[in-house]
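Descriptive analysis of the structure
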2 protein chains.
Amino acid sequence: MLIAVDLVILTLRQSVLRVLLVERGEEPYRGALALPGGFLAHAEESIQAAATRELAEETGLDVSGLHLEQLGVYDEPGRDPRGRVVSVAYLAIAPQLPDPVAGTDAADAAWRPVDQFLDARCDLAFDHKRIVTDGVERARSKLEHSALATAFCDAVFSIADLQEVYEAVWGMPLDPRNFARKVRTTEGFIAPAGQARATAGRPARLFAAGPNKTLYPPMVRPPRPPTLKELQ
Amino acid sequence: MLIAVDLVILTLRQSVLRVLLVERGEEPYRGALALPGGFLAHAEESIQAAATRELAEETGLDVSGLHLEQLGVYDEPGRDPRGRVVSVAYLAIAPQLPDPVAGTDAADAAWRPVDQFLDARCDLAFDHKRIVTDGVERARSKLEHSALATAFCDAVFSIADLQEVYEAVWGMPLDPRNFARKVRTTEGFIAPAGQARATAGRPARLFAAGPNKTLYPPMVRPPRPPTLKELQ
DNA sequence: GGAATAGTGTCTTTTAGACAGTATTTG
DNA sequence: CAAATACTGTCTAAAAGACACTATTCC
């Protein structure tokens, strides 16, 4: 019985929610896109340890600050043509990483917009499309009642940065004024962090993640796109 | 590498949230309370199939209508003194079952109030206390934005029945008038189902589970007990 | 001053919380 | 009628949605 670990690593690049995918260099599914991951390194390795190890290998970063949580087990018969493989999927959230994914052991790794996989446009190896879908839905849901959105941001961020996260993950535009009021009045969500930075226009005030991990009242996601007049 | 399935089967009995536990007849943890479950029946059995099979064996019921969802993987090193056992936990929700749990293959099976395990009063075999805690927290959370509460009820139920579910799972009293208004105005949550039944007092109107699985707006759980004047 | 971005304020609608009263059944 | 249970209504407070305006920086 083989046990594998698959990683759904989500990040924001150019205001678009993206997932890290690698091009498979071997059969089965040679040339197809797949989630990074691999088998347990040895029989005694814990699954969580394997997930952390793979995450470090794939992102080439210090992984201690990254959000990593278990997504679920996937073992539908026939999901792997090589035989019975039980895969444990993990969801990782990363702030914007340096452009080249350094230190990757997979040949071609790239950040792909998740939209391509939520509808039927592109397919992935194995059942990885379903795993990506589940991972995105988990992220969407957790943005409602947890402070997960701050895991997409750097240590300090502006309210506009945070709104970008919500808009990209939920896939809908939000009103900046109501959004700012909401996050500022949700206790323990964000905490002031120093002064403004320098850009064109008024400098934004910066914040850091607050002490609370669960939000009350929650950020309620509208069931449908609120108004279909996006940017004019 | 051994793979096991553990079941957190929750139900309501005497207005108390309970979990099905068995007394272990063998080492390790002989005599201790544990979750029902077991190893895969054969190498080709899928984990989901094993969970369904165990659920049928333990409850002795037609399992087709019961809610069953994956909870997570537990494989902390040392969780099982026999060696490396990877356990996949499932959460099952059952309406009130016939009093004796018929057809059970475990020696002594009983419905225990979950309160005993959420604080430090009683312990369980292996890491089953953590699994129960995670299962209850999953149920509490899903009651907020999904129609899971109807899975605790029979096919038809009164609003008071539904309120009993929320009070037992969340562990806090709710106002009957506001609760009724809330569930009646949440579209697709419950649908009228025929007429009243016979008891002492005015007969209650009956409902069935509505078409919607996700609730909007959600049932928001107060962060703390709302008023500490329970029943006088 | 003008462009660009950040932030605050106000009005309205919706939803939640607190509470008192009315309705329908059984005995 | 009394007791028991089910249901409806009203007032208030909180939160969300929909807007228009002011503020600070760079050029």
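All residue numbers refer to positions counted from 1 along the written sequence of the respective chain. Here chains are named by letter from A upward and ligands by number from 1 upward, in the order in which they appear as written. Totals for whole chains, interfaces and linings use all residues, but because this is a predicted model, local features are given only for residues with pLDDT of at least 70 and pairs of side-chain atoms are given and counted only at 80 or more. For the side-chain quantities, the full set of heavy atoms in the structure was used; hydrogens and water were omitted.

**Brief notes about the domain arrangement of chain A**
Often the size quoted for an interface is simply the accessible area lost on bringing the parts together. Residue and element names in this part refer to chain A. Each assigned domain of chain A is listed here: domain 1 (2–142) and domain 2 (146–209). Where each domain begins and ends is defined by an automated method or by a domain database. Its C-alpha centre places domain 1 at a distance of 27 Å from the equivalent point of domain 2. Residue-level contacts link 13 residues of domain 1 with 11 residues of domain 2. Two parts placed together each lose some accessible area; with a 1.4 Å probe, that loss summed over both constitutes the buried area. Roughly 1200 Å² is buried in total at the junction of domain 1 and domain 2, and carbon and sulfur atoms are behind 66% of that figure. The three residues of domain 1 that bury the most area against domain 2 are Leu-12, Arg-140 and Lys-142, which together make up 43% of that side's buried surface. Definition used for salt bridges: Asp or Glu carboxyl oxygen within 4 Å of a side-chain nitrogen of Lys or Arg. On inspection of domain 1 and its partner domain 2, the count reaches 0 salt bridges. Two N or O atoms form a polar contact when they lie within 3.5 Å of each other; inside protein one atom must be a possible hydrogen donor and the other a possible acceptor, and for residues adjacent in sequence the pair counts only when both atoms belong to side chains. Connecting domain 1 to domain 2 are 4 residue pairs in polar contact (both at pLDDT 80 or more). Broken down by secondary-structure element, the contributors of at least two residues to the side of domain 1 that touches domain 2 are β1 (2–13) and α3 (128–145). Of the residues assigned to the side of domain 1 that touches domain 2, the class counts are 7 nonpolar, 4 polar and 2 charged. Any pair of residues with heavy atoms lying within 4.5 Å of one another is described as a contacting pair. Comment: elements are numbered from the N terminus, with helices defined as DSSP H or I runs of at least four residues and strands as E runs of at least two. Amino acids outside the nonpolar list (Ala, Val, Leu, Ile, Met, Phe, Trp, Tyr, Cys, Pro) and the charged list (Asp, Glu, Lys, Arg) are all regarded as polar, and Gly is one of them.

**Comments concerning the packing of α3(A) against helix α4 (residues 159–170) of chain A**
Residue and element names in this part refer to chain A. Angles here are taken between N-to-C directions and fall from 0 to 180 degrees, while the axes themselves are lines fitted to C-alpha atoms, restricted in helices to the stretch in contact. Between α3 and α4, the least distance of the axes is 9 Å, while the angle of their chain directions is 140°. With respect to α4, the axis of α3 lies oblique. Both α3 and α4 take part in a crossing whose hand is left-handed. Between α3 and α4, the contacting residues are Ala-139, Arg-140, Leu-143 and Glu-144 on the first element and Val-165, Tyr-166, Val-169 and Trp-170 on the second. Counted by class, the contact of α3 with α4 contains 6 nonpolar, no polar and 2 charged residues. For this classification, under 35 degrees means roughly parallel, over 145 means roughly antiparallel, 65 to 115 means roughly perpendicular, and everything else is oblique. Left-handed describes a crossing whose near helix is turned anticlockwise from the far helix by less than a right angle; the clockwise case is right-handed.

**Section: the protein's contact with DNA strand C**
When we say a residue is near a molecule or strand, we mean one of its heavy atoms is within 4 Å of it. Neighbouring DNA strand C are 22 residues, the closest being Arg177(A), Arg205(A), Arg177(B), Arg181(B) and Lys182(B). A share of 53% is what sugar and phosphate atoms reach among the atoms of DNA strand C within 4 Å of the protein. Contact distances for DNA strand C include 2.9 Å between a phosphate oxygen and a side-chain N or O atom of Lys182(B). Taking Arg202(B), its main chain carries an N or O atom lying 3.4 Å from a base oxygen of DNA strand C. Elements with a minimum of two residues in the surface near DNA strand C: α5 (176–185) of chain A together with α6 (176–185) of chain B. Sorting elements by how many residues they give to the surface near DNA strand C places α6(B) first, with 4 residues. Its residues placed into classes, the surface near DNA strand C shows 6 nonpolar, 5 polar and 11 charged.

**Considerations on the packing of aromatic side chains**
Residues and elements named next belong to chain A. Stacked, tilted and edge-to-face are the three classes applied to pairs of Phe, Tyr and Trp rings, where Trp contributes its six-membered ring and a pair requires centres within 6.5 Å; stacked means planes under 30 degrees apart, edge-to-face means over 60, and tilted covers the rest. Within the structure shown, the criterion is met by 6 aromatic pairs over all chains. Note on Tyr-166 and Trp-170: the rings are 5.0 Å apart at their centroids and 80° apart in plane angle, and the pair reads as edge-to-face. Linking Tyr-166 with Trp-170, this pair stays in helix α4, spanning 4 residues, or about one helical turn. The class of Tyr-166 is buried, set by a relative accessible area of 0%. Looking at Trp-170, the relative accessible area reads 6%, which means it is buried. Here the aromatic cluster, defined as three or more aromatic residues joined through ring pairs, consists of Tyr-166, Trp-170 and Phe-179. For every residue, the accessible area (1.4 Å probe, protein chains only) is compared with the maximum for its type, and the residue is labelled buried under 20%, exposed over 50%, or partly exposed between those bounds.

**A closer look at the confidence of the model for chain A**
pLDDT measures how confident the predictor is about each residue, on a scale from 0 to 100. Averaged over chain A, the pLDDT score is 90; the fraction of residues at 70 or greater is 91%. Scored below 50 in pLDDT, residues 225–232 of chain A shows 4 contacts in the model against residues more than four places distant or in partner chains.

**Observations concerning the interface of chain A and chain B**
With 23 residues of chain A at the contact, the number on the chain B side is 23 residues. The contact between chain A and chain B buries some 1700 Å² in all, and 65% of this surface belongs to carbon and sulfur atoms. Taken together, chain A and chain B are joined by 0 salt bridges. For the interface between chain A and chain B, the tally reads 8 residue pairs in polar contact (both at pLDDT 80 or more).

**What about the environment of Ala92(B)?**
Residues and elements named next belong to chain B. Examined against the element boundaries, Ala-92 turns out to sit in strand β6 (residues 85–93). Looking at Ala-92, the relative accessible area reads 1%, which means it is buried. Ala-92 sits 103 residues away from Gln-195 along the chain, and the two C-alpha atoms are 30 Å apart. What Ala-92 contacts, discounting residues up to four positions off in sequence, is Val-8, Ile-9, Leu-10, Leu-55, His-67 and Leu-68.

**Quick look at the pattern of salt bridges**
Residue and element names in this part refer to chain A. Summed over the entire model, instances satisfying the criterion amount to 30 salt bridges over all chains. The partner of Arg-221 in a salt bridge is Glu-144, and the shortest N-O contact between them spans 3.2 Å. Note that Arg-221 is positioned in the segment after β9 (207–209) and Glu-144 in helix α3, a separation of 77 residues in sequence. By relative accessible area, Glu-144 is classed as buried at 17%. In this structure, a network of salt bridges that share partners links the residues Glu-45, Arg-53, Glu-54 and Glu-57.

**Observations concerning the relation of the copies chain A and chain B**
Comparison of the two chain copies shows a relationship of rotation about an axis with a shift along it. The least-squares superposition of copies is restricted to C-alpha atoms, and to residues with a pLDDT of at least 70 in both copies. Once chain A has been moved 0.0 Å along the axis and rotated by 180°, it coincides with chain B to within an RMSD of 0.0 Å. Here the two chains are linked by the operation of a two-fold rotation axis.

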